Every structure is written in C-alpha cells, then in structure tokens.
Amino acid sequence: MSLPYGPPYPVSPLIRGVRFALLLAGIVYGRIKQARYEELEEIWREEEAKRKIVRDRQLAKLKEKIAKEEREVVRQIETGELFRPGKIVTTLLL
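Just so we're clear, the structure is a prediction, and the values are computed from it rather than from any experiment. (Residues numbered from 1 in each chain as written. Predicted model: local features only at pLDDT ≥ 70, side-chain atom pairs only at ≥ 80, totals over all residues. Heavy atoms only, no water.)

**A word on the overall build of the protein**
The criterion, for reference: Strands here mean DSSP runs of E at least two residues long; helices mean DSSP runs of H or I at least four residues long; both are numbered from the N terminus. Relative accessibility thresholds used throughout: buried, under 20% of the residue-type maximum; exposed, over 50%; partly exposed, between the two (1.4 Å probe, protein chains only). What sets the accessible areas is the Shrake-Rupley method with a 1.4 Å probe; for residues, cover comes only from the shown protein chains.
The secondary structure content of the protein amounts to one helix and zero strands. Within the protein, the fraction of its 94 residues that count as buried is 2%. Of the accessible surface of the protein, which amounts to about 9,100 Å², a share of 65% is contributed by carbon and sulfur atoms.

Rendered as structure tokens:
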C-alpha cells in the first residue's frame, strides 16, 4: 500500500531544534507565570481571610439582632400583647 502523496520528507535538523527550543521556552514561561500567579493567589487568600473575619463578625451581629427581634415577637405572642386591639402588627415586621 502506498501513501497518497508519496513518502514523507525528512524534517530539517534546524526545524527540529527550533521546535524543541520553543517547547522548552514554553515550559519555562509557563513555570514563571505559574509562580507569579501562585504569589498573587496567596496574597488574595490572606486578604480574603481578613475579609472573612469582618464578614463573620457582621453576620454574628445580624444573627443576634434577628434572634433578639424573634424573642421579642414570641414574647408578645405568648403574652397576647401582639394581638391587642389597636396594635399595629406591621410595625414589628419592619
């Protein structure tokens, strides 16, 4: 069985050398970029950890506020204070 376009031509040693050099250059370039991105990622993770502390504090305050409001509404429901005539229920929901 013969090839449709004839036998392949041998590749020049110059072309092989350039391909190999470009492959190595790409690997080195990728390692340098990866090291740079790892540094940036580490900085971002440290900043994110600081932001998480602040965010957790704010969330804890908000949860405490919501729990306090819920306790007050439950107390008003249990005592019947919430359903007295003239009491506006919508003011508690704000």
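**A few points about a nonpolar patch on the surface**
The criterion, for reference: For patch building, the residue pool is restricted to those with more than 30% relative accessible area and no salt bridge; the joining distance is 9 Å between like charges and 5 Å between nonpolar side chains (Val, Leu, Ile, Met, Phe, Trp, Tyr). Salt bridges are identified by distance alone: a Lys or Arg side-chain nitrogen within 4 Å of an Asp or Glu carboxyl oxygen.
Together, Phe 20, Leu 23, Leu 24 and Ile 27 make up a nonpolar patch on the protein surface, roughly 400 Å² of accessible area in all. Tracing the backbone through its elements, the reader meets Leu 24 in helix α1 (residues 13-79).

**A few points about α1**
To keep things clear, this is the line we draw: The span you would expect from a helix comes to 1.5 Å times its residue count less one. Definition of a polar contact: a pair of N or O atoms within 3.5 Å, with one able to donate and the other able to accept a hydrogen when the atoms are protein atoms, and with sequence-neighbouring residues admitted only if both atoms are side-chain atoms.
With 67 residues, α1 should cover 99 Å at 1.5 Å per step; its first-to-last C-alpha distance of 94 Å lies within 8% of that length. The distance from a side-chain oxygen at the start of α1 to the backbone nitrogen of Leu 14 is 3.2 Å, and the residue carrying that oxygen is Ser 12. Phi for Gly 80, located one or two positions after α1, is positive at around 80°.

**Side note on the pattern of salt bridges**
For the structure on display, the rule yields seven salt bridges. With its nearest N and O atoms 3.4 Å apart, the salt bridge here joins Glu 48 to Arg 55. The exposure class assigned to Glu 48 is partly exposed, which follows from its relative accessible area of 23%. Residue Asp 56 is joined to Lys 52 by a salt bridge in which the shortest nitrogen-to-oxygen separation is 2.8 Å. Here Asp 56 and its partner Lys 52 are both found in helix α1, four residues apart, which amounts to about one turn of the helix. When its relative accessible area of 35% is taken as the criterion, Asp 56 is described as partly exposed.

**Points about the UniProt feature "transmembrane region" (unreviewed entry) in the protein**
Threshold: UniProt positions are given in the numbering used here, feature names are shortened, and annotations may be inferred rather than shown by experiment.
Taking the UniProt record as the reference, the feature "transmembrane region" (unreviewed entry) is found at residues 14-32. Between the C-alpha atoms that bound residues 14-32 the distance is 27 Å, and the span itself is 100% helix and 0% strand.

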